[in-house]
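Listed here are the chains, written in short residue letters.
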Amino acid sequence: MKAQVGTAIIDTLHPVYEGRVFHWTRDTPDDTRVTEYLPTAASDNEESWRRSPFYYLLQSGEDELRRRLELGETAGFPILDELMQRGETDYFAMIHRFDKKTAIGEMDCLMSRWTTTRPGGFNEADLKALRRLVPALGLAIKSASLARVAESLVEAYLGRDPGRRVLQGRMSRGVVEKINAVLWFSDMKGFTALSESIASDQLIPLLDDYAEAVISAIHGAGGDVLKLIGDGTLAIFTADDPEEACCSALRAEAELRLRLAELNQRREAEGRPTTSIYLGLHIGDVFYGNIGSKDRLDFTVVGQAVNEVSRIASMCSSVDRDVLFSAAFRASLPEAEGAKLVSVGRYALRGVGRAQELFTLDPELAVFPLR
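Owing to the predicted nature of the structure, the values given are computational and were not obtained by experimental measurement.

What counts, and where the lines are drawn
- Residues numbered from 1 in each chain as written.
- Predicted model: local features only at pLDDT ≥ 70, side-chain atom pairs only at ≥ 80, totals over all residues.
- Heavy atoms only, no water.
- Helix = DSSP H or I, 4+ residues; strand = E, 2+ residues; numbered from the N terminus.
- Buried < 20%, exposed > 50% of the residue type's maximum accessible area, 1.4 Å probe, protein only.
- Contact = heavy atoms within 4.5 Å.
- Areas by Shrake-Rupley, 256 points an atom, 1.4 Å probe, with all protein chains shown as cover.
- Lys, Arg positive; Asp, Glu negative; His and termini not counted.
- Charge placed at Lys NZ, Arg CZ, Asp CG, Glu CD.
- Disulfide = S-S within 2.5 Å.
- Expected span 1.5 Å × (residues − 1).
- Bend = angle between axes of the 7 residues up to and from the residue.
- Polar contact = N/O pair within 3.5 Å; in protein donor to acceptor, adjacent residues only side chain to side chain.
- Core = buried A, V, L, I, M, F, W, Y, C linked by side-chain atoms within 4.5 Å.
- Phe/Tyr/Trp six-rings, centres within 6.5 Å; stacked < 30°, edge-to-face > 60°.
- Lys NZ or Arg CZ within 6 Å of the ring centre and 35° of its normal.

Helix and strand content of the protein: twelve helices and 14 strands. When the backbone C-alpha atoms are referred to their principal axes, the protein occupies close to 85 × 50 × 40 Å. With 371 residues in all, the protein has 44% of them scored as buried. Partitioning the contacts of the protein with sequence separation of at least 6, the portion at a separation of at least 24 is 64%. Summed over all atoms, the accessible surface of the protein reaches about 19500 Å², with 50% contributed by carbon and sulfur. Charged side chains of the protein number 44 positive and 55 negative; the gap between the two group centres comes to 4 Å.

This is how it looks when you write it as C-alpha cells:
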C-alpha cells in the first residue's frame with residue numbers, strides 16, 4: 001500500500017481527556033504522532049462528531065465504511081468533502097469492538113480510518129491487509145492504553161509518588177517506611193458557613209476551583225498530594241536535604257498566593273463567592289506507606305508530625321493569619337529565608353504535649369516571588 005494516511009482512536013479513563021488519537025502520515029510513515037482529546041460534550045466538536053463516519057458506524061452497528069472519494073462518494077459526511085479536496089482518492093474506516101467483559105469505561109472499541117492519494121484508491125489486496133493487520137494494531141494500542149489508564153488512575157486517586165509506588169508492586173498491607181518530610185495541611189477559610197450560604201450547584205465548582213489552585217501549586221513545586229479531605233489537603237515535600245524540601249514548600253506557598261489572587265479576581269468578576277486558604281507547614285519524621293484492612297488500603301503518612309501540622313493549620317483563624325509555620329520548619333530553612341518569618345507567639349496545640357512557637361510570613365518581605 002502506498003501513499004497511506006492512518007488514524008486510530010481509542011477512548012480512555014482520565015480525569016481530563018476522553019481519549020487518544022494516533023496519527024501516521026505519508027511524510028513520516030515510521031513516526032507515530034499522538035494527541036489527546038477532550039470529552040465531546042465539553043468541546044465545540046459535538047456536531048462534527050455526530051456527522052462523522054465513526055458516529056455512523058457506532059450507531060448503525062456496522063464494522064466498516066468505504067467511500068471512493070475520487071468518484072465523489074462523500075454524501076452525508078462533511079469530513080469526506082474535506083479529504084477529497086485535499087487530494088485523497090479513497091477512504092476506509094473500521095471499528096473493532098472489544099468484548100464487554102474486557103471493556104473499561106468508554107474504552108470499548110478501536111476506531112481507525114485509512115486514506116490514500118493513489119489513483120484508483122485501494123485495491124482488494126490493500127483492504128485485505130488492513131483487515132488482517134488492524135486488529136493486531138488495536139490489541140497493541142489497547143495494551144499500551146491500559147497501562148496508561150492504570151498510571152492515570154493511581155496518580156489521580158492516590159497521588160503521584162504513591163501511585164508510582166503502587167504500580168511498582170509496593171502494595172503489601174502494613175509495609176511502611178520512616179521518612180523525614182515537610183508536611184502541608186491546608187483547608188478553605190469558612191467553608192462550613194460558605195457551604196450553607198450558597199446554592200448546591202455552586203458548591204462543587206467552588207471546591208474544584210480552590211482545589212485546582214492548591215494542587216497545582218504543590219505539584220509545580222515538586223510536592224505530592226496524598227489526601228483531599230473535604231475542603232482540606234494533605235501533601236508532602238521530600239528531598240535528601242531538609243532545607244531543599246522546605247524551600248520547595250515555600251515556593252508552593254508563594255505560587256498558591258498568586259493563584260488565589262487571580263482566582264478570586266476572576267470569581268468576583270463572574271459574581272461568584274470567593275474565599276481563602278489556611279495553610280500550616282511543618283517538618284518531621286512520619287511513617288509512609290500502606291495502612292488499612294486487607295480489603296481497603298490507603299497509601300498515606302501517619303505520625304505525630306501529621307497531627308501537629310493539622311493543629312498548626314487550625315490555628316490560622318485564631319491568630320488571623322493565612323499561613324503558619326512550625327519552629328522546626330523555620331529552623332530547617334536557609335538563614336536568609338528563615339529571617340523572613342516572624343513569630344506570632346507560643347501556643348498549646350490540641351493533642352500536642354507541649355506549647356509550640358509558631359511563625360508567619362513577615363508582611364514586609366516577599367518569599368520566593370515567582371512572577
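Turning our attention to the state of the cysteines. For the structure shown, the criterion picks out zero disulfides. The thiol sulfur of cysteine 246 is not disulfide-bonded, and the nearest other cysteine sulfur, from cysteine 247, lies at 7.0 Å. You can see cysteine 316 has no disulfide; the closest cysteine sulfur is in cysteine 246, sitting 17 Å from it. Note on cysteine 316: relative accessible area 0%, which makes it buried.

Taking 1.5 Å per residue as the helical rise, helix H4 (residues 124-158) with its 35 residues ought to reach 51 Å, and the 50 Å between its terminal C-alpha atoms agrees with that figure. Along H4, the largest kink reaches about 30° and is centred on leucine 133; proline proline 135 follows within four residues of it. Near the N-terminus of H4, the side chain that reaches the backbone nitrogen of alanine 125, with its oxygen 3.0 Å away, is that of asparagine 123. Looking at the residues trailing H4, positive phi occurs at glycine 159, about 115°.

Right, let's talk about the nonpolar core for a bit. By size, the foremost hydrophobic cluster in this structure holds 37 residues, and its most contacted members are Val182, Trp184, Phe237, Leu256, Leu281, Phe325 and Phe329. The set of elements that each furnish at least two residues to this core consists of strand E7 (176-188), helix H6 (191-197), helix H7 (200-220), strand E9 (232-237), helix H8 (242-269), strand E10 (277-292), strand E12 (323-326) and strand E14 (356-361). Top contributing element to this core by residue count: H8, with nine residues. The residues touching phenylalanine 237, leaving out its near neighbours within four places in the chain, are Ala181, Val182, Trp184, Ile218, Ala221, Gly222, Gly223, Ala245, Ser248, Ala249 and Ala252.

Quick look at the packing of aromatic side chains now. Evaluation of the coordinates by the stated rule reveals six aromatic pairs. Seen in terms of ring centroids, tryptophan 24 and tryptophan 114 are 6.1 Å apart; in terms of plane orientation they differ by 15°. Their pairing is stacked. Placement of the pair is tryptophan 24 in strand E2 (residues 19-24) and tryptophan 114 in strand E6 (residues 109-116), with a sequence separation of 90 residues. In this structure, tryptophan 24 and tryptophan 114 share a single accessibility class: buried. Seen from their ring centres, tyrosine 56 and phenylalanine 77 are 5.9 Å apart, and the 70° between their planes marks the pair as edge-to-face. With tyrosine 56 in helix H2 (residues 53-60) and phenylalanine 77 in the loop between strand E4 (64-67) and helix H3 (78-85), the pair connects residues that are 21 residues apart, well separated along the chain. Its guanidinium or amino end placed over the ring of phenylalanine 98, lysine 142 lies 4.4 Å from that ring's centre, counting from NZ or CZ.

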